[in-house]
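Spelled out, the chains give:
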4 protein chains.
Amino acid sequence: MYTGVMAYRAAVVGASGYTGAELLRILAGHPEIEAVHATADSNAGVAVRSLFPSLAPAYPDLVCDALEPAALEGLDAVFCALPHGASQQLVPDLVGRVGHVIDLGADFRLDAAQYQEWYGETHGAPGLLGDFAYGLPELFRDAITAAPHVAAPGCYPTAAALALAPLLADGLIEPTGVIVDAASGVSGRGRGLSAPSLYSEANESVVAYGLLRHRHTGEIEHALAGAHGGDVQVLFTPHLVPMTRGILATCYARPTRDGLTSEQLLAHYREFYADEAFVLVTDEPPATKSTLASNACHVTVRADERTGTVLALAALDNLVKGASGQAVQAANLLFDLPETTGLTNLGIVP
Amino acid sequence: MYTGVMAYRAAVVGASGYTGAELLRILAGHPEIEAVHATADSNAGVAVRSLFPSLAPAYPDLVCDALEPAALEGLDAVFCALPHGASQQLVPDLVGRVGHVIDLGADFRLDAAQYQEWYGETHGAPGLLGDFAYGLPELFRDAITAAPHVAAPGCYPTAAALALAPLLADGLIEPTGVIVDAASGVSGRGRGLSAPSLYSEANESVVAYGLLRHRHTGEIEHALAGAHGGDVQVLFTPHLVPMTRGILATCYARPTRDGLTSEQLLAHYREFYADEAFVLVTDEPPATKSTLASNACHVTVRADERTGTVLALAALDNLVKGASGQAVQAANLLFDLPETTGLTNLGIVP
Amino acid sequence: MYTGVMAYRAAVVGASGYTGAELLRILAGHPEIEAVHATADSNAGVAVRSLFPSLAPAYPDLVCDALEPAALEGLDAVFCALPHGASQQLVPDLVGRVGHVIDLGADFRLDAAQYQEWYGETHGAPGLLGDFAYGLPELFRDAITAAPHVAAPGCYPTAAALALAPLLADGLIEPTGVIVDAASGVSGRGRGLSAPSLYSEANESVVAYGLLRHRHTGEIEHALAGAHGGDVQVLFTPHLVPMTRGILATCYARPTRDGLTSEQLLAHYREFYADEAFVLVTDEPPATKSTLASNACHVTVRADERTGTVLALAALDNLVKGASGQAVQAANLLFDLPETTGLTNLGIVP
Amino acid sequence: MYTGVMAYRAAVVGASGYTGAELLRILAGHPEIEAVHATADSNAGVAVRSLFPSLAPAYPDLVCDALEPAALEGLDAVFCALPHGASQQLVPDLVGRVGHVIDLGADFRLDAAQYQEWYGETHGAPGLLGDFAYGLPELFRDAITAAPHVAAPGCYPTAAALALAPLLADGLIEPTGVIVDAASGVSGRGRGLSAPSLYSEANESVVAYGLLRHRHTGEIEHALAGAHGGDVQVLFTPHLVPMTRGILATCYARPTRDGLTSEQLLAHYREFYADEAFVLVTDEPPATKSTLASNACHVTVRADERTGTVLALAALDNLVKGASGQAVQAANLLFDLPETTGLTNLGIVP
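Residues numbered from 1 in each chain as written. Chains lettered and ligands numbered in written order. Predicted model: local features only at pLDDT ≥ 70, side-chain atom pairs only at ≥ 80, totals over all residues. Heavy atoms only, no water.

(A) Representation of the interface of chain C and chain A within the structure. In this complex, chain C contributes 18 residues to the contact, which on the side of chain A involves 18 residues. At the boundary of chain C with chain A, total buried surface from both sides reaches about 1,600 Å², with 56% on carbon and sulfur atoms. Broken down residue by residue, the surface that chain C buries against chain A is led by Leu 193, Leu 198 and Tyr 199 of chain C, which jointly contribute 43%. Inspection of the chain C/chain A interface yields two salt bridges. Put simply, Arg 191 of chain C and Glu 201 of chain A hold a salt bridge, and the shortest N to O gap is 3.0 Å. (Contact = heavy atoms within 4.5 Å. Buried area = accessible area lost by both parts, 1.4 Å probe. Salt bridge = Lys/Arg side-chain N within 4 Å of Asp/Glu carboxyl O.)

Printed below as a string of structure tokens:
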């Protein structure tokens, strides 16, 4: 809600999708960044309050435009919430015109070779990849602060990375044989029309997808390599579960030493995340519901001596800490604002 | 979240229930009222952050106490979020000790005779009923401002009253033969353990309950009488639907004059609610989802010439505008704060 | 499952939709009617077991064909489960080739004038309307038995008609001022891709739609007129609720005489439906869940002396009694089989 | 439904719980076994049709009795669907009186030492353990046929065993380091009143539970040891997901040889299960929804050369193939009936 003269003016590109709408919702409560422009090609000319009546109080007059880079000239930040592949077309036109680009898609998260490997296509703007920091503040804060632009991480990689980073950072687990078994709510599929996203297909069903080769595998390995300081190999199995929001990552790895206990690991996690406002280390297994609509990530960890396994779990809201909230968190870093600015809302329970 | 010296100190009595937890969530974002005390008899000694990990960032140290009126001495406000019948036992011990009581139960909403009629029992503290204003600000703002204490309305009555008030206030519908057909999410049943609240019973089912004689009928009639300035007679049919939060009231009435059009009625609603921050008059039928976790109520209206009926609909979140949010809205009035203080969060979509 | 030489050979036209798949499921358990042919234009060449793995045991070899009327030549029955408007194009090519057509769409339910009024278009095969009986066996059994073809009723009209018929048949309520307020699961929208059918839009939301002029209004009035023996005027408000299957109709009407009691009405309903295998009159409000995946319809009734209203409720599974099960029930009548043949499965609880 | 003189007369002990009700539902469609007696201590005297209106057509007159072993004298089969620990108290009184006991609890699945290890208590009837076969027909058919009584397997162990058995039977994976990561619908928690079973707690949430030491771990290892012919060590992580029915087990293991391909493994699974009526090997990842309300188990398998892992998945309905359906399947074996008798209903989609 505009309540005076804000410091920064931003655009949300792709405002009619779920992460776009979530950006508008979060920015409405942000005291320093104002969303002054919204684009939605298929809904150009439609008022934000018509697309999303929930946003009406904060955006009584904002109307979606068709995307036109020149119209974004001079903005302090542009959040791109576009389908895969679109932002690599757009960003070359954008970087010279605006202060910072925060891209919520997968286009600028990997280097060109990784991108080619996991997405099966040549990157369209490889020369700009170096200008984008991987926007997971808990693990890459310095890089974000130093970068002009940010590639906000995917929802699964955020959960997997926050679950496993404390183990890899200290060499407590082997960097191979890591399994990430995760469950996502249906909003993770976006707002596009497709049969698996239909209520009657997704409801009352759990199903795995993308077996062995889901594209987020490369990004998970990339994020974990950053934490580890060396290559990490992951088998990733995502599942679709009947809920709107939420991701739970249940991760398995082999310890590098005998005798680790759950108590030791929990203490290590508490220390590792001691200064992090958005990561809560819990004794009990985390529930996605506890993070609903907040920028929180809840994690826990166990050592199983019987089978020689370390188990790490993370829960978050895929549209907030897994997308739009984390993008705003990174923007706060880019603008040198306190990292929690506009992100202090608590999870909605029940 | 405590961020300095707040103006007012409050307690949440019954903090382990859904409306109690919701009060803590909302007050965590309130700049002027701080929840400094929480009680939960069955969870005495348990930290709020353990009961609700979502609340951990705002209440790192708050622990639930057993209820002890003397311990509340001197607080500016006490929010009572207790099962039916409990607050009429408690309030006599409370009124002399604290600034304001905001009761979220049904105990202080009706006069003694109405209470007897609909609850089938004699009221336990009839002498205090006059000290409680019916806390629906959009219709009873002056009374709230003038009263020491507030009885926050029930969820169904709030929806029905906001849907129908503009019609009754102007005498556009007959005050008899009014039908309120409403659907509620399961959180409306509270956190008590009962078979109809089980996931496997409530999921994939719609069922009516309380046919003809649901207790909220009396309160709906009471609230509508306030808007109308005379008796109103309502047949109320609530339904349980498989969602956690949300109420939709679909109301039917007979117009008092011929020739009313939907356009006229919508214009009348827009004028009636022009100054209300929390009521949005929509052209399209309102969806409960658009109000999720916000203090908004969305309403629309239609005139059906073919059958001689006026149709009015209202959607809200039963735990916010239907309970804890509205209680905070009333508290803002009691403290002469801007009515929207701490209540500007938008609905969570999707 | 084919278990010998069955008496009748049938086709399911539109086998990839929800009602088509449901027909295949039900016929798999039918001892006398075998589905030997399935069509699905957009899935021509795809095996039924691939489209619906659940059907694999019964249809190991059946493959969907593109629709070709000549290929249906000589079949005993053709079930048409097509989008609105398609069967009036198809049926003229079909009636001379096959024994019976059972159409699950809206094309042959109304007379030409009613069709024009509610669907806003001229009927494409008015000369064939007289060959189709309205396929609600409990109210139109004789007409079905006498007809060559059947128009299976819509889901909402079935629920409304079974709820209200005993009242109208005996003149216990006024035929005007009838209100049908109903809730449907999302499968009622079919399998087409549309935003309101997306999980993330429909979940955790209740919303009304088609206010005042939903097309099923005309059909409800038509079915009730049949029960009443004269015109009936209905205001119909459907709602979408977050579940896959199920319809609950909550109906309101004014009694024609004073002094009716709920006990009298319940006794009347029990007598009215005494010989009906699929209608259960319940003392308690019926839950849609109790009818899930069965051909049952549960109904109850109340008289409210206080407001002068009769309340009647009906619950059913929109894809079974509201579509495919009822179509098979009608086919049993056409073939002079016991009406419950292949339809004795009980509801799935929980 | 009683449709003549059936061969066998049975009792359902614990008929008011979910697996008890499901037994009544399945037996209603069984042509050879009739449920003539139902017990439910807390609902003694209550008609089955009142407890479960869905069952009314098949059980118009059956009333729940309090459990009295003498009243079961001479029955051909008794299905025990009781809370953990209850059947070991009951069975000693039962075995001499009735033909066969099929116990759906965990009491007779493990040997006495395993029981002590995983349940932390001494078994109450160790002398009878040898009379109970582990009732997973696909893997222990001969033992069931030869035994007087059957311990029907748990839902998770059934899914895990059917997913992994083809690999272990042929020595294709290492018997240590096996991970079973599984998700269950809320009905798996039974009908008892507990907070995590409440709609508002379970909905819109995924959470793991029983980390490292869930009691089904021992049973999974027991079942897999049977398939393997030697000890198998498993780490089992169950999750609660927001749906009523369904289990998906996603299993990870290390291959014993290089070069295995997904195609080879799928072919091996198809051969292994070629004669099994209830196991469907699918190319695509199985969805729990495809098995809803049927006795089917859908499985698939993959080899991941990149990480050196074999991935096996199984989906089933926890109340049917994971409980009551499988119990009836075992009863068919005990009575030398075709194994599919009464179990041919297809899954309910959507």
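(B) Highlighting the sheet that holds strand E3 (residues 77-80) of chain B. Residues and elements named next belong to chain B. Pairing in this open sheet of six strands is parallel, and the strands run E2-E1-E3-E4-E6-E5 from one edge to the other. Two strands in the sheet have a free side with no partner beyond their single neighbour: strand E2 (33-39) and strand E5 (132-134). When the angles between neighbouring strand axes are averaged without regard to direction, this sheet yields 20 degrees. Direction of pairing for strand E1 (residues 8-13) relative to E3: parallel, over a ladder of four bridges. Across the sheet, Val 13 pairs through a bridge with Cys 80, a residue of E3. (Pairing = 2+ DSSP bridges. Helix = DSSP H or I, 4+ residues; strand = E, 2+ residues; numbered from the N terminus. Axes fitted to C-alpha atoms, helices over the stretch in contact; angles between N-to-C directions.)

(C) The arrangement of the relation of the copies chain C and chain A in detail. Once chain C has been moved 0.0 Å along the axis and rotated by 180 degrees, it coincides with chain A to within an RMSD of 0.0 Å. The superposition of one copy onto the other is thereby described by a two-fold rotation axis. Counting the interface residues of chain C, we find that 100% of their copies in chain A are interface residues as well, pointing to one common contact surface. (Least-squares fit on C-alpha atoms with pLDDT ≥ 70 in both.)

(D) Highlighting the sheet that holds strand E11 (residues 279-281) of chain A. Residues and elements named next belong to chain A. Strands sit in the order E8-E9-E7-E10-E13-E12-E11 across an open sheet of seven strands; the sheet is mixed. In this open sheet, the two edge strands, each paired with only one partner strand, are strand E8 (207-208) and E11. In the sheet, strand E12 (residues 297-304) pairs with strand E13 (residues 309-316) via eight bridges, with the strands oriented antiparallel. Looking at E13, one finds that Arg 302 is bridged to Leu 311. The sheet contacts of helix H6 (residues 155-169) involve strand E7 (178-184), strand E9 (234-240), strand E10 (247-253), E11, E12 and E13, and relative to E13 the element is tilted by about 140 degrees.

(E) Just the environment of Gly 14 of chain C, in detail. All names here are of chain C. Secondary-structure assignment places Gly 14 in the loop between strand E1 (8-13) and helix H1 (18-28). Under the relative-accessibility criterion, Gly 14 is labelled buried at 11%. Excluding anything up to four places from it in sequence, Gly 14 contacts Gly 20, Thr 39, Ala 81 and Leu 82. (Buried < 20%, exposed > 50% of the residue type's maximum accessible area, 1.4 Å probe, protein only.)

(F) Highlighting the packing of aromatic side chains. According to the stated counting rule, one finds 30 aromatic pairs over all chains in the structure shown. Where Phe 108 of chain B meets Phe 132 of chain B, the ring centres are 4.2 Å apart and the plane angle is 15 degrees; that geometry is what we call stacked. With a gap of 24 residues between them, Phe 108 of chain B in the loop between strand E4 (100-103) and helix H4 (112-119) and Phe 132 of chain B in strand E5 connect regions that are remote in the sequence. With respect to burial, Phe 108 of chain B and Phe 132 of chain B carry one shared label: buried. Taken together, a centroid distance of 5.0 Å and an interplanar angle of 90 degrees make the contact between Phe 272 of chain C and Tyr 273 of chain C edge-to-face. Residue classification places Tyr 273 of chain C among the buried residues on the basis of a relative accessible area of 3%. What links up through ring pairs into an aromatic cluster is the set Tyr 269, Phe 272 and Tyr 273 of chain A. The ring of Trp 118 of chain C carries the charged tip of Arg 213 of chain C above its face, separated from the ring centre by 4.3 Å. (Phe/Tyr/Trp six-rings, centres within 6.5 Å; stacked < 30°, edge-to-face > 60°. Lys NZ or Arg CZ within 6 Å of the ring centre and 35° of its normal.)

(G) Spotlight on the interface of chain D and chain A. Contacts between the two partners involve 45 residues from chain D and, on the opposite side, 46 residues from chain A. Of the roughly 3,900 Å² buried between chain D and chain A, counting both surfaces, carbon and sulfur atoms make up 60%. If you sort the residues of chain D by the area they bury against chain A, Glu 204, Leu 212 and Arg 306 of chain D come out on top, with a joint share of 19%. Here chain D is connected to chain A by two salt bridges. We note a salt bridge from Glu 221 of chain D to Arg 306 of chain A, for which the minimum N-O separation is 2.7 Å. Inspection of the region where chain D meets chain A yields 24 residue pairs in polar contact (both at pLDDT 80 or more). Looking at the side of chain D that touches chain A, the elements that each hand over two or more residues are strand E7 (178-184), helix H7 (199-202), strand E8 (207-208), helix H8 (216-228), strand E9 (234-240), strand E10 (247-253), strand E12 (297-304) and strand E13 (309-316) of chain D. Element by element, the count of residues in the side of chain D that touches chain A is highest for E9 of chain D, at four residues. A class-by-class count of the residues in the side of chain D that touches chain A yields 22 nonpolar, 13 polar and ten charged. (Polar contact = N/O pair within 3.5 Å; in protein donor to acceptor, adjacent residues only side chain to side chain. Nonpolar A, V, L, I, M, F, W, Y, C, P; charged D, E, K, R; others polar.)

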